[in-house]
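# Structure at a glance
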Amino acid sequence: MSSEKAEAGTGKPPIRDALVAAAYELFPERGYEQTTVDDIVALAGVGRRSFFRYFPSKEDVVFPDHERCLADMTAFLADGSDDDDPVRRVCDAARLVLRMYAENPAFSVQRYRLTKQVPGLRAYELSVVWRYERALAEYLRRRFAARRDGTLQADVIAAAVVAAHNNALRSWLRSDGQGDAGATVGHALDYVQSAFGGVPLPPADEQPEDVVVVVSRRGAPLWRVVQEIETTLGRG
C-alpha cells in the first residue's frame, strides 16, 4: 500500500497534498526564498525524504499539478483519430490546462501572485509552458507530416494556441479568479480555431504553378512565340 493510500485511510490528507499546503502557508509568511524544504516538511509533519519522493526541488512544489496535466494532454492528443480537425484537437487539449487551473481558483491565483514576485519561478513557469507548446507542436507535426511547410504550420499554430490560452488565463487570474474562466479562454481559443482550423492544406506533392514571362518582338509570328514558350518550359 502506498503512503498516500495509507494516509487516506487515516482521514489525513495525502502527504503530497500536505506538503503543498504547508509550502503555500509558509511562502506568504516568510517569502519564497526564505522558506526552506526543512521548513515545509516540519510544518507538514514529514521527513525530507518524503518531500523529495514527490518533488525533485522546491520549485516543483509550487507547480505540483503540471506533470499530471502534461501527461493528460499527451494522452488526449494520442487518442485522437485522423478524422479530427487537428487545430480543434490542440485547442481542446489546451482546455485541459484551463481545467487544472479552474479546479482550485484560490490556489491558482495565489500561485500566479507568487510567480510574479519571484524571477526564478517565472523562468521555471516558462519552461513548463514550453513543454506544453512542444507537446502540441509534436502532435501537429505528425498530422501535417505530408504537407508542404507542415513543420512550420505546426509550430506556428502550437505557439498561437499557447499564446491565446495564456493571454486569457492571465486575464482571469488578474481578476482574482472571478468570472467564467472557461468562457474567457474559450473565446481566445475560438479565435485561433477561426484563423487556422478547417483550412484545406495543399498536398505535399503539389508544386506551385510556374509563371512564365516571354519577351518577343512586336509583329513576331505566333508560331515563334509558342516556340519560345516551349523552349523556356524545357519542352523544345
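See above for the structure.
Residues numbered from 1 in each chain as written. Predicted model: local features only at pLDDT ≥ 70, side-chain atom pairs only at ≥ 80, totals over all residues. Heavy atoms only, no water.

Below, the discussion takes up the overall build of the protein chain. The helix and strand tally for the protein chain stands at twelve helices and zero strands. Across the protein chain, helices and strands are ordered from the amino to the carboxyl terminus as α-α-α-α-α-α-α-α-α-α-α-α. Here the contacts in the protein chain between residues at least 6 apart in sequence split such that 65% fall between residues at least 24 apart. Put simply, the protein chain shows about 14,200 Å² of open surface, and 52% of that area lies on carbon and sulfur atoms. (Helix = DSSP H or I, 4+ residues; strand = E, 2+ residues; numbered from the N terminus. Contact = heavy atoms within 4.5 Å. Areas by Shrake-Rupley, 256 points an atom, 1.4 Å probe, with all protein chains shown as cover.)

A complete count under the given rule lists six aromatic pairs for this structure. With centroids separated by 5.7 Å and ring planes inclined at 70°, the aromatic side chains of Y24 and F27 adopt a geometry described as edge-to-face. Of this pair, Y24 and F27 are both found in helix α2 (residues 15-30), three residues apart, which corresponds to roughly one turn of the helix. Of the two residues, Y24 and F27, neither departs from the other in class, the shared state being buried. Taken together through their ring pairs, the aromatic side chains of Y24, F27, Y32 and F107 make up a single cluster. (Phe/Tyr/Trp six-rings, centres within 6.5 Å; stacked < 30°, edge-to-face > 60°. Buried < 20%, exposed > 50% of the residue type's maximum accessible area, 1.4 Å probe, protein only.)

Moving on: the pattern of salt bridges. Within the structure shown, the criterion is met by eleven salt bridges. R48 is paired through a salt bridge with D38; the nearest N and O atoms lie 2.8 Å apart. Residue R48 is located in helix α4 (residues 48-54), and its partner D38 is located in helix α3 (residues 37-44); the two are separated by ten residues in the primary sequence. On the accessibility criterion, D38 (41% relative accessible area) is partly exposed. Here D84 and R89 are joined by a salt bridge, their closest N and O atoms 3.8 Å apart. For R89, a relative accessible area of 15% translates into the label buried. Residues joined by salt bridges that share partners form a network here, namely R68, D72 and E103. (Salt bridge = Lys/Arg side-chain N within 4 Å of Asp/Glu carboxyl O.)

With that settled, the discussion passes to the packing of helix α10 (residues 150-174) against helix α11 (residues 181-196). α11 packs onto α10 with a crossing angle of 155° between their chain directions and a minimal axis gap of 8 Å. With respect to α11, the axis of α10 lies roughly antiparallel. Where α10 crosses over α11, the two elements pack in a sense that is right-handed. Seen from α10, the contacting residues are V156, I157, A160, V161, A164, H165, A168, L169 and W172; seen from α11, they are A181, T184, V185, A188, L189, V192 and F196. Taken together, the residues of the contact of α10 with α11 sort by class into 14 nonpolar, two polar and no charged. (Axes fitted to C-alpha atoms, helices over the stretch in contact; angles between N-to-C directions. Parallel < 35°, antiparallel > 145°, perpendicular 65-115°, else oblique. Left-handed = near helix turned anticlockwise from the far one by under 90°. Nonpolar A, V, L, I, M, F, W, Y, C, P; charged D, E, K, R; others polar.)

In this section: α3. Among the residues making up α3, those that are buried are V37, I40 and V41. Within α3, the buried residues cover an arc of 90° as seen down the axis, which keeps them to one side. Check the buried side of α3 and you find it contacts α2, α4 and α5 (58-62). Phi turns positive, to about 80°, at G45, one or two residues after α3. (Arc of directions from axis to C-beta.)

Purely geometric numbers; function is a separate question.
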